[in-house]
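Chain by chain, the residues run as shown.
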Amino acid sequence: MPSLKDLKNRIGSVKSTQKITKAMQLVAAAKLKRAQDAATAARPYAERLAAVLANLAATTGQGGPKLLTGNGSDQTHLIVVMTAERGLAGGFNAYVAKLARQKIQQLQSEGKTVKVMTIGKKGREVLVREYSSLFTGAHVSLADVKGNDFTEAALSVGQMLTKGFENGEFDVATLIYSQFKNVLSQVPTAQQLIPAKAPEGAPAIDLGGAQYIYEPSEEAILETLLPRYINTQILSAMLESSAGEQASRMTAMDNATRNAKDLIKALNLKYNRARQAQITKELIEIISGAEAL
């Protein structure tokens, strides 16, 4: 049985941990508001651009740029896994890694060649243990991103993907990230980026039977629009992932603070019982000694 000093030290240690988790919860809550606003503000533009792309693609038929139609093969798949740079966010990173594993296993069972690229340190740390041979060596760190300014990082990833596709390094690129729904719900999502494909549920533009005449042609517009669309989808995913990370961290730290409170209560009860037992023992010894005299 631990001594009174050991119990007192442990209570002090848990209280210190509780202060840290509470502080982290408050910081995550402050960051969540900004990240959520940024993610919400980016959605209308991304959705509208997806709808424009879908309408343009429909008018071009089977023709069009390779970024839209593909290169005629789907043998080599690049899986882009987007996670956070830091942990202590509950199951946020683990759920994205789990979906990535399922996607990799599915493609491998179909006889496809799979390559993996990571955005964020935690996803790389988890997947490299199991799929080190699949990693391309391409990795994008988000450690230097300040606030929610992911523009430069999104452009870097977009350029890497378009250049890799043009060089024939892969046929299909799929982005796996966590989509922010609300504070308690972040949904791991797989979205195909190349060949460009409008996300499921993207709103359609009703032209009311009208036909647009494009100048320059639809193909020329798509050539310019597609790289921007890919960059926009990556940026939107980064903002969604950032909001999901802060929400998950806030919830995890809140749970940790509550658990620390319960543990302190249990340790205090144990300490008081041990102290009472020690006092009772000392009283019995004093009384026994007095009676012996």
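Here we summarise the structure given alongside this text. Just so it is clear, the model here is predicted, and its values are computed rather than measured. Sequence positions are assigned chain by chain, starting from 1 and proceeding in written order. The model is predicted, so local features are restricted to residues of pLDDT at least 70 and side-chain atom pairs to those at 80 or more, both for listing and for counting; the totals for chains, interfaces and linings are taken over all residues. Side-chain figures throughout are based on the complete set of non-hydrogen atoms in the structure, without hydrogens or water.

Another aspect to go through is unusual backbone geometry. In this structure, Pro 195 follows Ile 194 across a cis peptide bond, with omega equal to -10 degrees. Starting at the N terminus, helices and strands are each numbered in turn, a helix being any DSSP run of H or I of at least four residues and a strand any DSSP run of E of at least two. Along the chain, the position of Pro 195 falls in the loop between strand 5 (185-194) and helix 6 (218-292). At Leu 88, a position not held by glycine, the phi torsion is positive, near 55 degrees. Within the fold, Leu 88 resides in the loop between strand 1 (76-82) and helix 3 (92-109). Using a relative accessible area of 55% as the deciding quantity, one classes Leu 88 as exposed. A simple rule labels every residue: compare its accessible area, found with a 1.4 Å probe on the protein chains alone, to the largest value its type can have, and call it buried under 20%, exposed over 50%, or partly exposed in between.

Next up on the list: the sheet that holds strand 5. Read across the open sheet, the 5 strands follow the order 3-2-1-4-5; overall the sheet is mixed. Both edges of this open sheet fall to strand 3 (135-140) and strand 5, since each of them pairs with a single strand only. Along the sheet, successive strands turn relative to each other by an average axial angle of 25 degrees, direction set aside. Between any two strands, pairing holds if DSSP finds at least two bridges. Pairing of strand 1 with strand 4 (residues 172-182), which is carried by 5 bridges, proceeds in the parallel orientation. Each bridged residue has a counterpart across the sheet, and for Val 81 the counterpart in strand 4 is Ile 176. Axis definition: a line fitted to C-alpha atoms, limited for helices to the stretch in contact. Angles are taken between N-to-C directions and run from 0 to 180 degrees.

Grouped together as the largest cluster of nonpolar side chains are 44 residues, with contacts concentrated most on Met 117, Ile 119, Val 157, Leu 161, Ile 194, Ile 234 and Met 238. Per-element tally for this core: the top contributor is helix 6, with 12 residues. Any two residues having at least one pair of non-hydrogen atoms within 4.5 Å are treated as being in contact. Beyond its immediate stretch of four places on either side in the chain, Met 238 contacts Met 82, Ile 119, Leu 142, Phe 150, Ala 153, Ala 154 and Val 157. The next biggest cluster of nonpolar side chains, apart from the first, holds 14 residues, and it includes Val 81, Val 114, Leu 127 and Ile 176. Residues belong to a common nonpolar core when they are buried Ala, Val, Leu, Ile, Met, Phe, Trp, Tyr or Cys residues joined through side-chain atoms within 4.5 Å.

Glancing now at helix 5 (residues 151-166). The terminal C-alpha atoms of helix 5 lie 22 Å apart, and with 16 residues this matches the ideal 22 Å at 1.5 Å per residue to within 8%. What helix 5 keeps buried is the set Ala 153, Ala 154, Val 157, Gly 158, Leu 161, Thr 162, Gly 164 and Phe 165. Mapping the buried residues of helix 5 onto a view down its axis gives an arc of 165 degrees, with all of them on the same face. Exposed residues pointing more than 90 degrees away from the buried face of helix 5 are listed as Glu 152, Gln 159, Lys 163 and Glu 166. Each helix should span, by expectation, one fewer than its residue count multiplied by 1.5 Å. Of all possible arcs, the one meant is that of the directions from the helix axis to the C-beta atoms.

Within strand 1, 7 of the 7 residues are buried, leaving the element largely enclosed by the surrounding structure. Neither face of strand 1 is exposed, since Thr 76, Leu 78, Val 80 and Met 82 on one face and His 77, Ile 79 and Val 81 on the opposite face are all buried. In the sheet, strand 1 pairs with strand 2 (residues 113-119) via 7 bridges, with the strands oriented parallel. Bridge pairing in strand 2 links Leu 78 to Lys 115. We call a crossover right-handed when, viewed with both strands directed away from the observer, the connection leading from the first strand over the helix to the second proceeds clockwise. In the classification by handedness, the crossover that spans strand 1, the intervening helix 3 and the parallel strand 2 is right-handed.

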